[in-house]
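Listed below are the residues making up each chain.
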Amino acid sequence: MNSRFILRVAVLASVVGGAALAAQAAENPYAAEVAAFGKVVDLWPEGKMPGEATTKAEILDRGKPDGDVNYQNVSHPTITIRRAPGDGVHPAMLICPGGGYFLLAWRHEGMEIAQWANSLGMDAFILKYRVPNDGGVALMDAQRAVSWIRANAKELKVDPTKIAQIGFSAGANLTARTANNFGSRRYDAIDAVDSASSRPDATLLIYPGGLLKGGFRAAPTPDLALNEENIVTKETPPVFITQTEDDFCQVENSLAYYLACKKCGVNAAMLLGPKGGHGYGSRRTGRDNDTWPDVAGTWLKRVLQF
């Protein structure tokens, strides 16, 4: 084949590829920041991911307000790792952003939470779990993520006995279900990772939803019953909860979970307030529970002893 033709094709491909990258950058100027935030690893071995996933192309949306990026149409679950400063072995925090199982609020319930975890001396692991879904495959991803961190603790330089899991809104729902279903893995084991426990050592539920009997938006029952995927037992991990009374995800979700934990002798702490709304992450906006990161940080250090 003519060498000039090959060169011409190569140059054209370079121009087209560069134009595509430029178009992506113009469409979402935050993509490079997200990509550089931490080391990204695949959650599942190639070709062995259980369950279904969307066939739509993944989107990193600019978000509202501009820059509050979110992921949509996630079919390829990953973990973004961001180490805390300092050498040695650290405790770990698995972060589950919310988004109603339709999207993942990546900045304010993912990246900013990772920075907070790092400030506590914890290595952060942001879980990009599959969305949209009904929560079923998301639980597979979360169980795999806890096991993956624990199974790779030595290489990651994390303490396998000090793995916390935090979730926001639907991510809090996912965190609670991970905490209460570690004895029933939702997929057949595929490798040595799945021999490691999927039970987090501590959990944090930030404005949780869908914990009550009947699921999301269900009216609380008189006895504040939890749904069948959140049956609290004495083996349920310690939990920190925060929410406000004006949250559209009823505050009864938090009350019911807290009372169930206390009934079973599970270490539980809760910070409530009248006003604050929903979806604020760790940002201080004048809410009645603005101090939750400080309170939760103190609680975590006491519970995990670091």
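Residues numbered from 1 in each chain as written. Predicted model: local features only at pLDDT ≥ 70, side-chain atom pairs only at ≥ 80, totals over all residues. Heavy atoms only, no water.

**Regarding the packing of aromatic side chains**
1) Next: Enumeration according to the criterion identifies nine aromatic pairs in this entry.
2) Next: With a centroid separation of 5.0 Å and 85° between ring planes, the pair formed by Y71 and W106 is classed as edge-to-face. Here the residue Y71 occupies a position in strand β3 (residues 70–72), and W106 occupies one in the loop between β6 (103–104) and α3 (107–119), the gap between them amounting to 35 residues. Assigned by exposure class, Y71 and W106 land together as buried.
3) Next: Relative to Y280, the ring of Y207 has its centre 4.7 Å away and its plane inclined at 70°; by these criteria the two rings are edge-to-face. With Y207 in the loop between β9 (202–206) and β10 (239–244) and Y280 in the loop between β11 (268–273) and α8 (292–304), the pair connects residues that are 73 residues apart, well separated along the chain.
4) Next: Y280 sits in the buried class, given a relative accessible area of 6%.
5) Next: Through successive ring pairs, a cluster of aromatic residues spans W116, F168, Y207, Y280 and W292.
6) Next: Here R82 stacks its cationic end above the ring of F37, 4.1 Å away from the centre of that ring.
7) Next: Just above the ring of F182 sits the side chain of R199; from NZ or CZ to the centre is 5.8 Å. (Phe/Tyr/Trp six-rings, centres within 6.5 Å; stacked < 30°, edge-to-face > 60°. Helix = DSSP H or I, 4+ residues; strand = E, 2+ residues; numbered from the N terminus. Buried < 20%, exposed > 50% of the residue type's maximum accessible area, 1.4 Å probe, protein only. Lys NZ or Arg CZ within 6 Å of the ring centre and 35° of its normal.)

**Remarks on the pattern of salt bridges**
1) Next: Inspection of every chain in the model, using the stated rule, returns 16 salt bridges.
2) Next: Residue R283 is joined to D68 by a salt bridge in which the shortest nitrogen-to-oxygen separation is 3.2 Å. Here the residue R283 occupies a position in the loop between β11 and α8, and D68 occupies one in the loop between β2 (59–61) and β3, the gap between them amounting to 215 residues.
3) Next: Residue class for R283 comes out partly exposed when judged on its relative accessible area of 30%.
4) Next: Here D68 falls in the buried class, since its relative accessible area comes to 11%.
5) Next: The salt bridge partner of E112 is R283, with a shortest N-O separation of 2.9 Å. In this pair, E112 is assigned in helix α3 and R283 in the loop between β11 and α8, connecting sequence segments 171 residues apart.
6) Next: Each member of the salt-bridge network shares a partner with another, and the members are R144, R185, D191 and D194. (Salt bridge = Lys/Arg side-chain N within 4 Å of Asp/Glu carboxyl O.)

**Thoughts on unusual backbone geometry**
1) Next: Residue K64 is joined to P65 through a cis peptide bond whose omega torsion reads 0°.
2) Next: Of note, P65 is situated in the loop between β2 and β3.
3) Next: In this model, V131 is joined to P132 through a cis peptide bond whose omega is -5°.
4) Next: Even without glycine at this site, K157 takes up a positive phi of about 60°.

**Focus on α8**
1) Next: In a regular helix each residue adds 1.5 Å, so 13 residues correspond to 18 Å; α8 covers 18 Å between its end C-alpha atoms and thus fits that length.
2) Next: Here α8 has its buried residues at W292, P293, A296, G297, W299, L300 and L304.
3) Next: The inward-facing, buried residues of α8 abut β5 (90–96), α3, β8 (158–168), β9, β10 and β11.
4) Next: Phi turns positive one or two residues past the end of α8, at Q305, with a value near 60°. (Expected span 1.5 Å × (residues − 1). Contact = heavy atoms within 4.5 Å.)

**Some thoughts on the sheet that holds β2**
Two modes of strand pairing occur in sheets, parallel and antiparallel, and in both the strands are linked by backbone hydrogen bonds.
1) Next: Spatially, the three strands line up as an open sheet ordered β2-β3-β6, and their pairing is antiparallel. Every interior strand has two partners, whereas the edge strands, β2 and β6, have only one.
2) Next: With two bridges connecting them, β3 and β6 associate as antiparallel partners. Along β6, the bridge assignment pairs Y71 with L104. (Pairing = 2+ DSSP bridges.)

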